[in-house]
Each structure stands twice: as C-alpha cells, then as structure tokens.
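Residue-level listing of the chains:
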Amino acid sequence: MSCDHQVLADHVCDYIEGKAPPVIRARCDEAVQQCAHCRDVHAQALEFYELAGKWQQQEVPHWNRARFVVPPARLPQGSWPAWAALAASLAAIVLVLLRVEISTTDGLLISFGGSQTDARVQELVAAELARHDTAQELLLDARLDDFAADQVNANQLLLARWQEVARAERRQELGLLMSSWQSQRFEDQQEFNNQLTRLTNDQIENNQYLNVLLQNAAQSRRN
Amino acid sequence: MLFASASDETLIGKALGGSQRHWERLVRRHETMVYNYCLRMTRNTSDARDLLQEVFLAVYRHLPSYRNEGQFKGWMMRIAANKTMDLLRVRQRSPRLSTDDAALDAVQQWQAPDTQNPDRVYEQHNDNHRIRTLLQALPPEQRLVVELKFFQHCTFEEIALQTSTPVNTVKSRLYTSLQKLKDTLEERHVV
C-alpha cells in the first residue's frame, strides 16, 4: 500500500483523542496498521500525550505582583515633602556655588566643585573600584561556599530520608514475614494436636477392643 | 475568601479602577499556569520568571483594551505566546554564554523533600526535566504548537488564532515536531 501520510498528519490528535469522524478514523486505522511511518508518528504522539500528562506543576517563585502596575500615590500640592525637596535642591545649589568642601579625619571628602583635580578624582575612583572588586569577590566566594554547604546539607538530608524510607520498608517486610511464619506455625501446631488426638482415640478404641476380646476368650475358657 | 468566587471580569473591573488587591488576586489565579507555560517554553527558571513578569506587565497595560470578548484566559495566553516568541527570537539572535542553563536549573531546583516519598519526588522532577529537554530540541514555532496542543489542550483553530497562522500550517508544524521528537528520543535511547 502506498501511503502519503497525509491523513494521519492532519488528524493524529483528533484520532488519539477520539474526536475524529468515523470515516477519518477508519482511514487512520488503516494507515496505522499498514504504514510503518504512520505507526511511528502515532506511537510518538501517544507517548508525548502520556509524557505531557506527567508534568508536575511548579510553584511560582516569590515575586512582586503589583510592582510595575500600581502608580505611587501622588502627594498633594504644597505638602511638606515637596517643600523639603525644594529646600534640599536650593541648599545643593548654594553648596555648589560656594564650592564647599567637607572633610573628615577618616579621609572622607565631599566636595561641591572644590579644588580636587581630575587625577586625584580618578585615583579615588580607581581605589574605590578596587575596594568594590575585592568586596564583590569576597561576597561571591562566600555565596559559593554557602551554596556548596546548602547542597551538601540537602544531599545528606535526602540520603537520610532515603535510608529512613528503606528501613521502614524493610521493617514492614520483616513484620509481614514474621506474622506469616507465626500463623504457619500455629496451623502446624493445630494439625499436630489433631493427629495426636486421633492417635490417642485410636489407641483407646484398640484397647477397648482388646479388652472385649480378652473377656470373650476368658468367658469361653470358663465355659 | 471575599474574592474566591469573583469572576475574572469582576477582578479586571476593580483592577482597572485602581485596586491593587484585586489585581493581585487576578494574577494569583493565573500565574501558576503562565509560569509553568513559561518554564516549558524557555531554557531556565530565570527566563521563565522574567517572561512571567513581562506577560503580566503586558496584560496590565492592555487591560483597558480587553472588552470581555471571549475568555480572559485565552486573551492572556495570546499575549503570553507573543511575549514568548519575542524572547525566544532574542535568545536565538544573541545566545547567552551560559554552558547549560537547564542543567544548572536541574541542580538548583532539586531540593530534599520534606514529607513526600523521595523516590516519587525524584521521579516527578525527572519527568519535568525530560519534558523540558525534549521541548528544547524543537524550534520556537514548533515548540509553541506542541505546548498549546499537548499541554493547553487547544484545538487547531484556537492555536491558529493564538499564533496568527493558518490551520494547515499548525497541523504541519505539529507533524514535523512529532517526527523531530521521535528522532530526539531515539538519539537519547541510543546514547
């Protein structure tokens, strides 16, 4: 049979979901039975349907759902924050105009257009960048260490849980084995008791029969 | 509790009126579906998180133009599909230098379970990882069709509407995807 694979290509999902009309279903049946390629595609679709059903929903990580959508509340005109902002701006302008420099004994220097040269500024910036780099490296190392430690803990925890589950399963199996052994032993004991009872009864009957025979023999001897 | 039975349209109306709580409620209702969709479509959780935010940002911006035509979910997933394709195109043009984001994700996501059977949890984790790896083997357009068909259970007409593509093209993409998935699975079995 020559198959152009078109029927299954168009209807493979409807065919699997049972939504294909009877005529199409019959043609799909025929294609799947007689064409190896169509059979493969059908099997693949089935496998993927099954695989898709195994997807486990992942929890959404924490995120700020309203960060980008809710505009900040507008301050009413003439409120104190607006006046404070205006005052700060004016103060900054005055500081720049007067080229004020504020320095501390620790080496901190805040200059508003003061006497610092470009070279000095670049030197300070370079020093600050180097310090920042070092801090970043340290931070990165610390985070990597933390991550490694977390992973080790997680693995240990996992191993411990696995062992716990395995032990519980072994305990359960052992319990089942013990109970079945005990019930078998009980049945054997009962069987043994029954046989013993039967044997005893037989022996009593035999004794009674022998007594009767002996009595009869004695009787006939007397006669 | 108050919002438990509120319809999407009610929440949208309140959110448009400036209610942050109603917007958050609407997002919480749909974010798991969108996030899992993003997770399957992208390479890693980081991209999925970014995409999730992009989608809901776009949804909020376009909320005023949503006119209760059809279901909100379908409208939202159409936006998600567009945003996903934008992101995947950007990623194709300028791939990141990371060696294997999905593998890194697999390590990061794996946490020791608290109460469930560890075997079962590991199996589930493995299934998700397998699905994502298989989907990554497909080009973005085919991946989107497979996602919409197998995971969102859309009809071909709905997929055509969401992707702005003719129905026959959708069917052909799905067929090609299945053939490609078969090859990928065979390669993995051989390896």
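See the structure above.
Remember, it's a predicted structure, so these values are computed and weren't measured experimentally.

*Asks:* Just checking my understanding: could you explain the overall build of chain B for this structure?
*Replies:* A count of helical and extended segments in chain B gives 9 helices and 0 strands. In chain B, the succession of helices and strands from N to C terminus is α-α-α-α-α-α-α-α-α. Considering chain B as a whole, with its 191 residues, one finds that 49% of them fall into the buried category. Relative to all contacts within chain B whose residues are 6 or more apart in sequence, the contacts with residues 24 or more apart total 59%. A total accessible area of about 9800 Å² is found for chain B, and carbon and sulfur atoms account for 49% of it.

*Asks:* Would you explain the overall build of chain A in this entry?
*Replies:* A count of helices and strands for chain A gives 5 helices and 2 strands. Along the chain direction, N to C, the helices and strands of chain A fall in the order α-α-α-α-β-β-α. Taken over 223 residues, chain A has a buried fraction of 14%. Restricting to contacts in chain A with at least 6 residues of sequence separation, those with at least 24 account for 34%. Working note: accessible area of chain A is about 17600 Å², and carbon and sulfur atoms make up 57% of it.

*Asks:* Mind showing me how you'd approach the packing of helix 4 (residues 72-93) of chain B against helix 7 (residues 140-151) of chain B here?
*Replies:* A pair of packed helices is captured by two measures, namely the crossing angle of their axes and the spacing between those axes. Residue and element names in this part refer to chain B. Running from amino to carboxyl end, helix 4 crosses helix 7 at an angle of 150°, the nearest separation of the two axes being 10 Å. When the interaxial angle is binned, helix 4 and helix 7 end up roughly antiparallel. The handedness of the crossing between helix 4 and helix 7 comes out as right-handed. Taken together, the residues of helix 7 that come into contact with helix 4 (itself represented by Ala-81, Met-85, Leu-88, Arg-89 and Gln-92) are Pro-140, Glu-141, Arg-143 and Leu-144. The residue makeup of the contact of helix 4 with helix 7, split by class, is 5 nonpolar, 1 polar and 3 charged.

*Asks:* Got a minute to help me understand the interface of chain B and chain A in this structure?
*Replies:* How big an interface is tends to be reported as the loss of accessible area on association of its parts. With 49 residues of chain B in contact, the opposing surface of chain A contributes 39 residues. Note on chain B versus chain A: buried area summed over both sides is about 4500 Å², and carbon and sulfur give 66% of it. At the surface where chain B touches chain A, the tally comes to 3 salt bridges. Here Lys182(B) makes a salt bridge to Asp40(A), at a shortest N to O gap of 3.6 Å.

*Asks:* What exactly am I supposed to notice about the pattern of salt bridges here?
*Replies:* Pairing between side chains of opposite charge can happen when their charged atoms approach one another. Within this structure, the stated rule accounts for 12 salt bridges over all chains. The partner of Lys19(A) in a salt bridge is Glu17(A), with the nearest N and O atoms 3.1 Å apart. One salt bridge connects Glu54(B) with Lys83(B), and the closest N-O pair in it is separated by 4.0 Å. Of this pair, Glu54(B) sits in helix 3 (residues 45-62) while Lys83(B) is found in helix 4, placing the two residues 29 residues apart along the sequence.

*Asks:* Sorry if this is basic, but what is going on with the packing of helix 7 of chain B against helix 8 (residues 156-163) of chain B here?
*Replies:* Residues and elements named next belong to chain B. The interhelical angle for the contact between helix 7 and helix 8, taken along N-to-C directions, is 140°, at an axis separation of 10 Å. Between helix 7 and helix 8, the crossing angle belongs to the class labelled oblique. Our pair here, helix 7 against helix 8, has a crossing hand that is right-handed. Together, Leu-144, Val-145, Leu-148 and Lys-149 of helix 7 and Phe-156, Ile-159, Gln-162 and Thr-163 of helix 8 make up the contact between the two elements. The residue makeup of the contact of helix 7 with helix 8, split by class, is 5 nonpolar, 2 polar and 1 charged.

What counts and what doesn't
- Residues numbered from 1 in each chain as written.
- Chains lettered and ligands numbered in written order.
- Predicted model: local features only at pLDDT ≥ 70, side-chain atom pairs only at ≥ 80, totals over all residues.
- Heavy atoms only, no water.
- Helix = DSSP H or I, 4+ residues; strand = E, 2+ residues; numbered from the N terminus.
- Buried < 20%, exposed > 50% of the residue type's maximum accessible area, 1.4 Å probe, protein only.
- Contact = heavy atoms within 4.5 Å.
- Areas by Shrake-Rupley, 256 points an atom, 1.4 Å probe, with all protein chains shown as cover.
- Axes fitted to C-alpha atoms, helices over the stretch in contact; angles between N-to-C directions.
- Parallel < 35°, antiparallel > 145°, perpendicular 65-115°, else oblique.
- Left-handed = near helix turned anticlockwise from the far one by under 90°.
- Nonpolar A, V, L, I, M, F, W, Y, C, P; charged D, E, K, R; others polar.
- Buried area = accessible area lost by both parts, 1.4 Å probe.
- Salt bridge = Lys/Arg side-chain N within 4 Å of Asp/Glu carboxyl O.

By themselves, these are just geometric observations and shouldn't be taken as functional.
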